Every structure is written in C-alpha cells, then in structure tokens.
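Reading the structure
Chain by chain, the residues run as shown.
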Amino acid sequence: MSVLHVVFKVDGAEYVLPAADVLQMESFTGATPVPGAAPHVAGLVQVRGRVIPVVDARLRFGLPAVARTLDSRVVVAQLGNRVVGLVVDSAREVLKLDPQQLKPPPPLVVEGAHGFVKAVAQVGPRLVMLIDFPRVIGEETLDGDGQR
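The sections below set out a description of the structure shown in this document.

Cut-offs applied
Residues numbered from 1 in each chain as written. Predicted model: local features only at pLDDT ≥ 70, side-chain atom pairs only at ≥ 80, totals over all residues. Heavy atoms only, no water. Pairing = 2+ DSSP bridges. Helix = DSSP H or I, 4+ residues; strand = E, 2+ residues; numbered from the N terminus. Axes fitted to C-alpha atoms, helices over the stretch in contact; angles between N-to-C directions. Salt bridge = Lys/Arg side-chain N within 4 Å of Asp/Glu carboxyl O. Buried < 20%, exposed > 50% of the residue type's maximum accessible area, 1.4 Å probe, protein only.

**Quick notes on the sheet that holds strand β4 (residues 41-47)**
Taking strand neighbours across the sheet as the criterion, the 5 strands line up as β3-β6-β7-β5-β4 in an open arrangement whose pairing is mixed. Single-partner strands in this sheet number two, and they are β3 (22-27) and β4. Going across the sheet, the axis of each strand differs from the next one's by a mean of 30 degrees, ignoring polarity. Looking at chain direction, strand β5 (residues 50-56) and strand β7 (residues 82-88) are connected through 3 bridges and run parallel. Among the inter-strand pairings, V55 is bridged to a residue of β7, identified as L86.

The following block contains the structure:
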C-alpha cells in the first residue's frame, strides 16, 4: 500500500517526509532569533497563532546559508507532542511511495549524512531521500557506538 510523502528540496536534492507527519507548509518570511539556540535553529515563527521553533535544513545539513526566496517554505511537522518547522528551499509536491521502494542508504551516505537519511527511493529518474526527522531537528543524537 502506497504512502503519501511530502517532497521538499534543499540545495537541489529532494527529500521526503511522510505526509501523515506534516501538518502544513507555509511561506517562510523570516524567524525571530533565539539567544543561545543551536546554530541550525533559525528561530521562532508564528504559524496560524502558534509559536513554533524552526530548524534551517541547509545549516543542519552542513550547507551554506542562502538568501531565502519566494519558494522557501516551512514544513510544519508533528513530532510526538511537539510541533516543529523545517525551513527548506522549496516544497510543492506530494508523492506516493510504496514502502518497498524505500531502500537503506549506502553505508557511505549513512556516514556522511550523520544519520539524517533513513532511506532512499528511486522514482522514475529521480532519487528521493527519506529523512529521519527527529535527528534532523536535533531531537535524537547518536551515542558513542553510532546507535540511537
């Protein structure tokens, strides 16, 4: 049974999150910085009356910051009881993926991506990467053995 996923782009690469975890997508118009926050935390934004923290996907992935455009989006997702936003370069598509399309990433990718990529799927000529959302927003870290 196929599962809907939200597709978003960061630095030209395509990533997905299960649509069931995504509450909404909003235009990114800026964030209020939070003193002492981790460098990848863009700050706080107000989304439909709710104040939520947002993580800059570019900074989290070790990419250089760029000026945001009209395509920049905040992908607002539910993580347990928490609502968190992820600032991405663009997000416009929803894609059905059969769970069997999702394959573990190659070991070299696992090492270089700090565990941010849980799986990779080929969709026609495209490759999309399923992210580990808790790890990307900084909720989970690897222990000394590289395990959660």
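**Looking at the pattern of salt bridges**
Note that side chains of opposite charge can pair when their charged atoms are close. Inspection of every chain in the model, using the stated rule, returns 8 salt bridges. Where D56 meets R68, a salt bridge forms, and the shortest distance between an N and an O atom there is 2.9 Å. Placement of D56 in strand β5 and of R68 in the loop between α1 (57-60) and β6 (73-79) is noted, with a sequence separation of 12 residues between them. Classification of D56 as buried rests on a relative accessible area of 10%. Across the salt bridge formed by R68 and D89, the nearest N and O atoms sit 3.0 Å from each other. Here D89 lies in the loop between β7 and β8 (90-97) and R68 lies in the loop between α1 and β6, a separation of 21 residues in the sequence. Residue R68 is classed as partly exposed on the basis of its relative accessible area of 24%. Each of D11, D56, R58, R68 and D89 takes part in one network of salt bridges that share partners.

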